[in-house]
Amino acid sequence: MYTILSDNNQALYHTAEEPTSGNYVHGKRTVGMYWDGSRMVSQLPANINSQARKQIKERRDKAIVTGTLVNGMVVATDDLSQQRITGAALAATVDPSVTVRWKLPDDTFVTLGAAQIIDLAQAVRTHIQSCFDREAELLAALNAGESYDLDAGWPSTNLTNE
C-alpha cells in the first residue's frame, strides 16, 4: 500500500499501485497515522517501528559498553565488568575495611578502598542509567513521530583523563 502525501507530509490518500511521481511512502508511518489496510488509524502497530526500536536498543547497548570516566580512571562497563564491580561493592558494603587491586582497561592496577569501590559502582550505575534514559527519550520521539538523532545525547564517550 502506498500513501500519497501532501507537501507537509499529511496523508492525502492511499493506493495499491506505486505512483510514478510525487511525494509518497510505502508501508511507513505518516505523521502520526498509518494505513491499516482499510483506513487511516492513529495508533502504530508494533511491527511498523520495530526496526527503529531495534536500532535504538542496539545503540543503547553500544553506549553501555563504551565505558565511563570515574575520578580520572577509565572504567569498563561491559556486562562482566558490571558483575565484578557489583561483587566488589557488595564486599565493600559488608566489610568497610576491604581493599581491592582493580584492573583498568589499559592493563594498569589501582588499589581501591571500600568508599572508592562504592563510588565506582555508583558511577557505573549512573552511566548505565543514563543510557537507558536516552533510549527512553528516543523511543518517546519515535512514538510521537518526531525526528531524532540516533547518535546524539548519549553519555560522553570522551574517555581521556586529560
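These notes cover the structure that comes with them. These figures come from a predicted structure and were not determined experimentally.

Now for the pattern of salt bridges. Applying the stated rule across the entire model yields six salt bridges. Arg-59 is paired through a salt bridge with Asp-151; the nearest N and O atoms lie 2.9 Å apart. With Arg-59 in helix H1 (residues 50-64) and Asp-151 in the segment after helix H3 (114-143), the pair connects residues that are 92 residues apart, well separated along the chain. You can call Arg-59 buried: its relative accessible area is 13%. The partner of Glu-137 in a salt bridge is Arg-134, with the nearest N and O atoms 3.0 Å apart. Here Glu-137 and its partner Arg-134 are both found in helix H3, three residues apart, which amounts to about one turn of the helix. Residue classification places Glu-137 among the partly exposed positions, given a relative accessible area of 45%. Connected through salt bridges with shared partners, the residues Lys-57, Arg-60, Asp-61 and Glu-135 form a single ionic network.

Rules used in this analysis
- Residues numbered from 1 in each chain as written.
- Predicted model: local features only at pLDDT ≥ 70, side-chain atom pairs only at ≥ 80, totals over all residues.
- Heavy atoms only, no water.
- Salt bridge = Lys/Arg side-chain N within 4 Å of Asp/Glu carboxyl O.
- Helix = DSSP H or I, 4+ residues; strand = E, 2+ residues; numbered from the N terminus.
- Buried < 20%, exposed > 50% of the residue type's maximum accessible area, 1.4 Å probe, protein only.

Scope: geometric values only; no functional claims are made or implied.
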